[in-house]
Structures are given as structure tokens and as C-alpha cells.
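Reading the structure
Here is how the chains run, residue by residue.
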Amino acid sequence: QLFIKDLHFGGVPVRIYLPREPSAGKRRGVVFIHGGCGIFGSIRSYERVCRYIARKSDSVVVSVGYHLAPEQRYPAQTLECLTATMHFLKTAETYGVDPARIIVCGDSVGGTFTTSVCQELGQRTDIPKIRAQVLIYPFLQALNFNLPSHQKNAAVAFLTRERTVYFILKYLNKDCSLKEPILAGSHVPENINLKYRKWINPDLIPDALKLGYKPPLPALFLPQVHEEVQELFEPWISPLLAEDAVICGLPDTCIITCEHDVLRDDGLLYKKRLEDNNISVTWHHVEKGFH
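What counts and how
Residues numbered from 1 in each chain as written. Predicted model: local features only at pLDDT ≥ 70, side-chain atom pairs only at ≥ 80, totals over all residues. Heavy atoms only, no water. Helix = DSSP H or I, 4+ residues; strand = E, 2+ residues; numbered from the N terminus. Rg over C-alpha atoms; globule rule 2.2 N^0.38 Å. Buried < 20%, exposed > 50% of the residue type's maximum accessible area, 1.4 Å probe, protein only. Contact = heavy atoms within 4.5 Å. Areas by Shrake-Rupley, 256 points an atom, 1.4 Å probe, with all protein chains shown as cover. Lys, Arg positive; Asp, Glu negative; His and termini not counted. Charge placed at Lys NZ, Arg CZ, Asp CG, Glu CD. Arc of directions from axis to C-beta. Pairing = 2+ DSSP bridges. Axes fitted to C-alpha atoms, helices over the stretch in contact; angles between N-to-C directions. Core = buried A, V, L, I, M, F, W, Y, C linked by side-chain atoms within 4.5 Å. Phe/Tyr/Trp six-rings, centres within 6.5 Å; stacked < 30°, edge-to-face > 60°.

From N to C terminus, the protein chain includes 10 helices and eight strands. Taken against the 2.2 N^0.38 rule, which gives 19 Å for 291 residues, the C-alpha radius of gyration of the protein chain at 19 Å falls within 12% of a compact globule. Taken along the three principal axes of its C-alpha coordinates, the protein chain extends 60 × 40 × 35 Å. Per-residue burial for the protein chain yields a buried fraction of 54% across its 291 residues. Here the contacts in the protein chain between residues at least 6 apart in sequence split such that 77% fall between residues at least 24 apart. Summing over all exposed atoms, the protein chain offers an accessible surface of approximately 13300 Å²; the carbon and sulfur share of this is 54%. Of the side-chain charges in the protein chain, 33 are positive and 31 negative, and the distance between the mean point of each set is 6 Å.

This part covers helix α1 (residues 47-57). For α1, the full list of buried residues reads E47, C50 and A54. Across the axial projection of α1, the buried residues extend over an arc of 75 degrees, all falling on one side. Away from its buried face, by an angle of more than 90 degrees, α1 presents the exposed residues R48 and K56. Positive phi appears at D58, one or two residues downstream of α1, with a value of about 50 degrees.

One open sheet holds the eight strands; their spatial order is β1-β2-β4-β3-β5-β6-β7-β8, and the pairing between them is mixed. Looking at which strands have only one partner, the edges of the open sheet turn out to be β1 (2-9) and β8 (281-290). In this sheet, adjacent strand axes meet at a mean angle of 20 degrees when their direction is disregarded. Taken together, the five bridges between strand β5 (residues 97-107) and strand β6 (residues 132-136) define a ladder with parallel strand orientation. Along β6, the bridge assignment pairs G106 with L135. In this fold helix α3 (residues 109-121) packs onto β3 (27-33), β5 and β6, with an angle of close to 140 degrees to the strand it touches most, β5.

The subject of this paragraph is the nonpolar core. Counting 75 residues, the largest nonpolar core has I182, L232 and Y270 as its most contacted members. The element best represented in this core is helix α2 (residues 76-91), accounting for six residues. The contact partners of L232, leaving out residues within four places of it in the chain, are A142, L143, I168, L172, I182, H187, I237 and S238. V30, F32, I43 and C105 belong to the second largest nonpolar core, which has 12 residues in total.

Next up on the list: unusual backbone geometry. Cis geometry marks the peptide bond from A69 to P70, where omega comes out at 0 degrees. Along the chain, P70 turns up in the loop between β4 (59-64) and α2. Although it is not a glycine, Y137 sits at a positive phi angle of roughly 30 degrees. Its location among the elements puts Y137 in the loop between β6 and α4 (148-152). For Y137, a relative accessible area of 17% gives the class buried.

So, about the packing of aromatic side chains. Overall, the coordinates contain 10 aromatic pairs when judged by the stated rule. Centre to centre, the rings of F32 and Y46 are 5.6 Å apart; their planes meet at 40 degrees, and the pair counts as tilted. Pair noted here: F32 is in strand β3 and Y46 is in the loop between β3 and α1, with a separation of 14 residues, a long-range link. An identical accessibility class is assigned to F32 and Y46; each is buried.

Here it is as C-alpha cells:
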């Protein structure tokens, strides 16, 4: 049912899935950015997902094979996703795709990269606008690892709370002994906590999803840890920290969260930020789902 080709978009490896059935008009396009914490996962490991999307939605799917960390250092991954997306937006008609109907979609850190791509391209007028973004349990902030979903799902299989921070440090090629102070929140100075409290705050999580939550004790700020992990405060790692002027330029958004997932509240906080800036958001919550 599909033609499948391996290509390079602006030097970035991609695999494109084109429905064989002739189409009456131009098709929709999907840029798919896979998860794996930026350190594992591949085009091949997401082959079935991309085939399924292409067949079920009758769309042309481009799966981005960005190079992994730590061999390719941050932010190479975000930049490659950006390059591949821009290339597809500019050349969509070559593949029978309507450039005004291209979405970007990703799971986990693929959702982070999707968010960054849409934030970067939101104000651009020289290329077609992205029609929508689909964020599947995205990682969106590295300031607070004590939100209700972090507490509730701290030990849930696959992506535990500790593993989340460990993988971020591996991705950024940092010393993994920084994990404990980051989990405690010792990397965030009080002025930054105050500045972003309006966006990253357990009070913004619906009460029904906060059962059993206990606010943590304030962490002792450690300046040397803060100095080591400056990248955690950049919007490419923590897209929730982007300014309102950037958020206002985002396309329609679909956010998918799972109940048994440490990252659940990242998605909920971003949903609120988008809605506060009049961005249309569809939210799907998978009650028995996990990361």
C-alpha cells in the first residue's frame, strides 16, 4: 500500500512513506519525530508507527532520522529536525503534498523537538505555516521534577522519575552525579522559580489528578549545580519557558497525556499556556496509559 524511500532532506536522513493509491488532490503531510530521550530510537524502530499513520490517514509521512547524542552533541538533534521540517515544507508539492496541510508530530523527546520546531518556525513568513502540532506525552520542562505526576508515577515502569533526569544528563553529556540535586530542585535559583511559577506550578493541575500530592520542602539552591546545567533553562530543552510572543505564533495543537506517566503534567501545563494565549488545543488523556 506504500512506497517507502530513504532520502536526505538538507543532509538529514529521512524515510518517506507515500500511499500508492492515486489521490484526487494533494495529500496531507506528516513530519514524524521519534522519541528515545535523544540517545536511542531510530527510523527503523518507528517503522510500524509511521506505516500505520500513512495508511490510516492517507498522508505522506516523513520520519526524521536525526543523529543521536552523545556522539552528536546537543542541540544537533533539534537543528536536524528543524532542517528536515523546513525542507519538507518547501518541497511538499514534489511529493504530492499540500504545503498548507503539513503537521509535525512526535512522542516523548520527539514531542520536545516538535515543540521546538513549531516555536522556531511560528513567526516565519518565508515558508508555509505548519498546520498543527501533535505532542504525544512530551517532555517540556526541566525545572521541577516534583509535580503531582512525578510523585505519583516516580517508580512506574520504563520511565521512572530518576531515569528521566538520568537520560537528560546523558543527552546533554553531563556528569550523572548531578541527578540527585536536580531531582531535589537545587539547580534552580529563587528568582527563576519566581519568574516561572506562573507557568510551572502544581496549582495549575486539575484537582482530580492531584490526589495524594504532597508539596515538597523547599530545596537548598546549589550555585555550582546551576552553573553546570545552564542548558536546562533554554527553550530547546524546556519549551514551557518560551515567552508569550513565541507561544502566540504556534499552530493548532493536539496534546496526548497518559495517567501513569511522569511527564503527564508537562503536557497539562503546556495545554494551559497555549489556551491562555488563544491557541486551539485538543487534549486526549489515556487513563490507563503509561509512557
